[in-house]
Amino acid sequence: MPGMVAFGRRWGIASDDLVFPGSFELFVRVLWWIGTLALYTLHEGKFDCSGGRVLHSYLVVLLILLAFIILSLCAIVYVSAQGTITNPGPRRSIPVLVYVRAMLYVPELIWAILGAIWVSDDSQGCQPAEVGAVIAAVVASWILLLSTGVGVLFVFDPLGSTHPGPQSQELLGVRDLESSQGSQLLSTARSVAVRVWESRLRLLCCCLPRDESHRAAFSSIAQLVSGFFSDTDLVPSDIAAGLALLHQEQDKMEQCRDPDEALSHSPSSPIAEDLEAELEKATHCMQFAVAAYGWPMYVYSNPLTGACRLMCLRGRTTNLYLYDIVGGDNMGCHFSSVLHSTGLQYRDFIYVSFHNQIYEIPFFVALDHKRAAVLVAIRGTLSLRDLLTDLSADCENLPVEGVSGACYAHKGMSQAASYICKKLLNDGILNQAFTIAPEYKLVITGHSLGGGTASLLAILLRSSFPTLQCYAFSPPGGLMSKALADFSKEFVVSVVLGKDLVPRLSYPNMEDLKRRILQMVSNCNKPKYRILLQGCWYELFGGEPDDFPTEMDNRRKEELNQPLLGEESLLIRSSSSYQGLASEESPVHGSHLPLYLPGRILHITEDGPARSCSKTVSYGVEWSSETVFRSVLISPRMMADHMPDAVLLSLRSLTQDRPFNLCPSSLSNSHLNVI
C-alpha cells in the first residue's frame, strides 16, 4: 500500500509483494545454476561432438546470465522485505531493481532461442545427457518467461496510468488539486472505473445473454464495486494482511470476553418453550430449503451414494413427472433429489419450477402433511444468474400497506420475490393448493438468496395470508429497511449459524470492515511477508494470536484522519475510510441506506475451541438481535457456516439429541448439546 509505480503506471502489486514470488524464482534459478555448473564441470574439455564448441559457449554464457539474475533476485527479495505496509521508504529502490530484472529477460530470451536452434541443428553426435540438459534449460526459460507474462497480466491495473491523457488524466493524484477540480476528476475516474468493472463482468458472464436486464445488472454491480474501492489504494495482498491481523485481533477480544457476561440485547421472545418450538419447526423447514438446491446439493451431501440413488429413483419416476416441471429438468435429477430429500410423494407437489434467470429463481410449492402446511421453498445461489441477483444490492422501494416508515429492500431479492409472488397469485398456484387443503397454513422457506427472497415474499403475501410463517436460513444482512425488519418480526424467523459471513454482509458492514483493515495495516510495524506467513500458520494450525506491536501508538489520533502516503497514490484526501480511522466507534457508512436482517433471529453457536481435533461438536442457540451482526467476523468458518448442510446438521443436533442449550438472554450458558 500503495500500488507500485513502474513503467509509467501503477500496478496491482505493492513494492513489498515481491518477497514470495522472488524467493520462489530465486530457488528455481539457484537449482538451475547448480545443475548447469555440474554439467559444465563434468564435461569440461569433452565437448567433442559436432556442436560442442557452441554448447561450451552456450553453457558459459548461461552460467553468467543466471548469476546476474540470481543477484538481481536477491536484491529484490531483500529490499522488498524492508519497511512496513505503510512505510515504503526503505523500498524506494524497488522500481530500479525491477527495471534491471526486466532488462535481463532480453538476453535470457535470446539465449533460449539460441538453445532451441542448437538442439534442432547442431546436437547430432552429442551425448544424450548434454542434449537433455540444454533442452531442460530451454524449456525452463520459456516456462519462466511465459509465467512472467501471465503474472504481468494478472497484476495489470487498467486504471493505473499515471500519464495525462484524454482518458487517464483523471487518474492522477487529485489530493493536491482545488476541491472543485478534484471532484470533477474524481467523478471522471469513477466513471472510468465503472466501465472497467462492467467489462470485467461481461467477460466473466460471457455465456449469459446480453438483454436489457443483464446489462442493467452489470451496470448496477459495477457502480457498487467501483464505488467501494474508489477511495482506497489497497492491493490484494494488503487486504489479505489486514484480514489476517483483524482475525487475530478479534480472537484476542473473544478470549478476553467474560464467558458469564450478560447479553445486552432483549429479544422479543426470550421464553425457552418458544425457542424450542421454533427450533423444531426450523429443522423441519430446513430440509425443504436444502432440497430446493436439487441434485448438486444432494450429491454434495451424499458423495459416495448420492449419484447412484438418484439414478435409481429417476429411472422409476421419470415418466411420471417430467411433463409437469417448469424450466427444464431434462435428466430428471433435480426433482428426483427433491423427492428423496423431502420424503414427499409426487402427488404432494403443486408446482415445481427450475426456471432460472436473473431476478427469477427456482422454487417449488408442496403440501406438507406432517405440519399441515402449504410450503413454498425457494432455492439459494447456484448459478451465475443467481450471483448477479445477489450482487444487485442497490435499494429498491418496497411499499407495504400498514407499515409506517421507509420501506425499501435489496433490489435483486426484491425483484425475485415480486416474480415469485406474481407466479403464486396470478397463475393460481396458491389457490390450487388451498383448494386441495383449505385448512392448511402457508409456510415459506429458503436458504441464503432463497432465505432473503422468502422473507420479502412473506412480507408481500402477509396481507393476503395473515397466518403465514417464514423461516429464512442464513439470509443476507443487507436485506430490508428497519421498518420492514420490525414488521417481519411477527412472522419471520431467521436462523444464522456461527460466524457465517452472509448474514453480516451489508454495505455499511463492508465499509466498517474496510476501515478496520486500514486501521490494522496502518498500525502494524511488521513487514507484510511476516504478517502473511504468521497469518497462514494461524489459520491452518491455530495457536495464540500474535500481539503485533504498533509504530503509531504515540502519534496523535487526528493524524489518522489523513491517508498514509509513501508513494505516488490514487488516495483521496477526503476518503471516508480514512476519516473513520481515528474513532473506533464511529464508522462512516457514506450515503448508502442501512439494511437489516429479517424477523427474529435464532443464532446457533459452536461451543469450545474452533480448531478442536475432537469429533464431538457442541452447539448452543439463543434469540439474538440484529446489532450482533453489524460487523464482519473473520474466521475459517465464515464460509463453512453458510453451507446449507452445515446449518441442517446443527439444527438436527440441537433437536434430536437432548438436552440442548437454550440460551435466551435470561438463561445461563450451560448444558450444551453434544453430538
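Going by the structure above, here's the rest.
Rules used throughout
Residues numbered from 1 in each chain as written. Predicted model: local features only at pLDDT ≥ 70, side-chain atom pairs only at ≥ 80, totals over all residues. Heavy atoms only, no water. Helix = DSSP H or I, 4+ residues; strand = E, 2+ residues; numbered from the N terminus. Contact = heavy atoms within 4.5 Å. Expected span 1.5 Å × (residues − 1). Buried < 20%, exposed > 50% of the residue type's maximum accessible area, 1.4 Å probe, protein only. Pairing = 2+ DSSP bridges. Right-handed = clockwise from strand over helix to strand, strands pointing away. Axes fitted to C-alpha atoms, helices over the stretch in contact; angles between N-to-C directions. Parallel < 35°, antiparallel > 145°, perpendicular 65-115°, else oblique. Left-handed = near helix turned anticlockwise from the far one by under 90°. Phe/Tyr/Trp six-rings, centres within 6.5 Å; stacked < 30°, edge-to-face > 60°. Lys NZ or Arg CZ within 6 Å of the ring centre and 35° of its normal.

Draft legend 1. Inspection of the environment of Ala372 at higher detail. Along the chain, Ala372 turns up in the loop between β4 (363–368) and β5 (373–378). Taking the C-alpha atoms as reference points, Ala372 and Ala437, separated by 65 residues in sequence, lie 8.5 Å from one another. Look past the residues within four positions of Ala372 in its chain and what remains in contact with it is Tyr440 and Lys441.

Draft legend 2. Representation of helix α17 (residues 507–523). Relative to the 24 Å expected for 17 residues at 1.5 Å per residue, α17 spans 24 Å between its end C-alpha atoms, a close match to the ideal helical length. With 14 of its 17 residues buried, α17 lies for the most part within the structure.

Draft legend 3. Focus on the pairing of strand β9 (residues 469–473). Of all five residues in β9, five are buried; the element is thus mostly enclosed. Side chains Gln469, Tyr471 and Phe473 of β9 all project onto a buried face; the interleaved residues Cys470 and Ala472 project onto the opposite face, where all are buried too. Bridging between strand β8 (residues 441–447) and β9 involves five bridges; their strand directions are parallel. What sits directly across from Thr445, in β9, is Tyr471. One crossover worth recording links β8 to the parallel β9 by way of helix α15 (residues 449–461), and it is right-handed. Sheet analysis places β9 next to strand β10 (residues 492–497), joined by four bridges and oriented parallel. Across the sheet, Phe473 pairs through a bridge with Val495, a residue of β10. The handedness of the β9 to β10 crossover, carried by helix α16 (residues 482–488), is right-handed.

Draft legend 4. Spatial organisation of the pairing of β4. Most of β4 is tucked away: six of the six residues are buried. The side-chain alternation of β4 yields two buried faces, one formed by Phe363, Val365 and Leu367 and the other by Phe364, Ala366 and Asp368. Alignment of strand β3 (residues 349–353) against β4, held across four bridges, turns out to be antiparallel. Note that in β4 the partner of Val352 across the bridge is Phe364. Across six bridges, β4 lies against β5 in antiparallel orientation. The residue bridging Val365 from the neighbouring strand is Val376, located in β5.

Draft legend 5. Looking closely at the packing of helix α13 (residues 411–426) against α15. Between α13 and α15, whose axes approach to 8 Å, the crossing angle comes to 55°. Overall, the two elements α13 and α15 adopt an arrangement that is oblique. In the crossing of α13 with α15, the sense of the turn from one axis to the other is right-handed. In this structure, α13 uses Met413, Ser414, Ala416, Ala417, Ser418, Ile420, Cys421, Leu424 and Leu425 to contact α15, whose residues at the interface are Leu449, Gly452, Thr453, Leu456, Leu457, Leu460 and Leu461.

Draft legend 6. Quick look at the packing of aromatic side chains. Under the counting rule described, the total for this entry stands at nine aromatic pairs. Both rings, one in Trp11 and one in Phe156, keep their centres 5.9 Å apart while their planes meet at 75°; by these two values the pair is edge-to-face. Of the two residues, Trp11 sits in the loop between β2 (9–10) and α1 (19–43) while Phe156 sits in the loop between α4 (128–155) and α5 (179–204), which places them 145 residues apart along the sequence. For Trp11, a relative accessible area of 12% translates into the label buried. Linked through ring pairs, Phe335, Tyr346, Phe349 and Phe364 together constitute an aromatic cluster. Over the ring of Tyr105 we find Arg101, and its NZ or CZ is 3.9 Å from the ring centre. Note that Lys482 overlies the ring of Tyr596, its terminal NZ or CZ placed 5.4 Å from the centroid.

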